[in-house]
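What the coordinates show
Here's the letter readout for the chains.
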Amino acid sequence: MLASGHIIQIRIWRLPLSTEERPHGLKYSLFYGRPGERIVGYDNEAGKGDHRHLRNLETPYKFTSMERLMADFMADVMREQGND
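Description of the structure in this document. Everything numeric in this text was worked out from a predicted model, so none of it was measured.

**What about the overall build of the protein chain?**
Within the protein chain one finds 1 helix and 5 strands. Each helix and strand of the protein chain, ordered N terminal to C terminal, gives the series β-β-β-β-β-α. The C-alpha atoms of the protein chain give a radius of gyration of 13 Å, which matches the 12 Å a tight globule of 84 residues would have. With the C-alpha coordinates of the protein chain rotated into their principal frame, the extents come out at 40 × 25 × 20 Å. Within the protein chain, buried positions represent 33% of all 84 residues. Intrachain contacts of the protein chain at a sequence separation of at least 6 include 41% that bridge at least 24 residues. Accessible area of the protein chain: about 5300 Å², with a carbon and sulfur share of 53%. Across the protein chain, the centroid of the 12 positively charged side chains sits 2 Å from that of the 12 negatively charged ones.

Below you can see the structure in the form of structure tokens.
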């Protein structure tokens, strides 16, 4: 937990096989928020594919690399930290 009370949680799993839904072979969940409140989230929940959450808005996300995923997530976190 950050001093502000916010949480950053990053979970990434390498899958044993790539699938049509997860061709990159990864399952991931990136979270920034407070207990009970997601402010920024990136994940690829089964049935939804790669997508991101910015507060109450959910949009598709084009996964290109782990480095790009982390950079995009952290850019959104930094932008939201400026709004809190």
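After presenting the structure, the write-up continues.
**Quick notes on the nonpolar core**
If you look at the biggest cluster of nonpolar residues, it comprises 12 residues: Leu26, Tyr28, Leu30, Tyr32, Ile39, Val40, Tyr42, Tyr61, Phe63, Leu69, Phe73 and Val77. Broken down by secondary-structure element, the contributors of at least two residues to this core are strand S2 (26-34), strand S3 (37-43) and helix H1 (66-83). When near neighbours in sequence (up to four residues on either side) are disregarded, Leu69 contacts Tyr28, Leu30, Tyr42, Tyr61 and Phe63.

**Thoughts on the sheet that holds strand S1 (residues 7-14)**
Here 5 strands make up an open sheet; going across it, the order is S1-S2-S3-S4-S5 and the pairing antiparallel. Single-partner strands in this sheet number two, and they are S1 and strand S5 (57-60). Strand-to-strand twist across the sheet, computed as the mean angle between neighbouring axes with direction ignored, equals 15°. As paired elements, S2 and S3 share 6 bridges and run antiparallel to each other. Each residue of the ladder has a partner; that of Arg34, found in S3, is Glu37. Contacts between H1 and the sheet are confined to S1, S2, S3 and strand S4 (51-54), with S2 contributing the most and set at about 10° to the helix.

**Section: the packing of aromatic side chains**
Describing an aromatic ring pair means giving the distance of the ring centres and the angle of the ring planes. Applying the stated criterion across every chain yields a total of 3 aromatic pairs. Seen in terms of ring centroids, Tyr42 and Tyr61 are 5.0 Å apart; in terms of plane orientation they differ by 80°. Their pairing is edge-to-face. Of this pair, Tyr42 sits in strand S3 while Tyr61 is found in the loop between S5 and H1, placing the two residues 19 residues apart along the sequence. Residue Tyr42 shares its accessibility class with Tyr61, and that shared class is buried. Between Tyr42 and Phe73 the ring centres are 5.8 Å apart and the planes differ by 90°, which places this aromatic pair in the edge-to-face class. With Tyr42 in strand S3 and Phe73 in helix H1, the pair connects residues that are 31 residues apart, well separated along the chain. A residue is classified by how much of its surface remains accessible, and Tyr42, at 0% relative accessible area, is buried. Pairwise contacts between aromatic rings join Tyr42, Tyr61 and Phe73 into one cluster. Geometry around Trp13 places Lys27 over its ring, the cationic atom sitting 5.2 Å from the centre.

Parameters and conventions
Residues numbered from 1 in each chain as written. Predicted model: local features only at pLDDT ≥ 70, side-chain atom pairs only at ≥ 80, totals over all residues. Heavy atoms only, no water. Helix = DSSP H or I, 4+ residues; strand = E, 2+ residues; numbered from the N terminus. Rg over C-alpha atoms; globule rule 2.2 N^0.38 Å. Buried < 20%, exposed > 50% of the residue type's maximum accessible area, 1.4 Å probe, protein only. Contact = heavy atoms within 4.5 Å. Areas by Shrake-Rupley, 256 points an atom, 1.4 Å probe, with all protein chains shown as cover. Lys, Arg positive; Asp, Glu negative; His and termini not counted. Charge placed at Lys NZ, Arg CZ, Asp CG, Glu CD. Core = buried A, V, L, I, M, F, W, Y, C linked by side-chain atoms within 4.5 Å. Pairing = 2+ DSSP bridges. Axes fitted to C-alpha atoms, helices over the stretch in contact; angles between N-to-C directions. Phe/Tyr/Trp six-rings, centres within 6.5 Å; stacked < 30°, edge-to-face > 60°. Lys NZ or Arg CZ within 6 Å of the ring centre and 35° of its normal.

That's the geometry; what it means functionally is another story.
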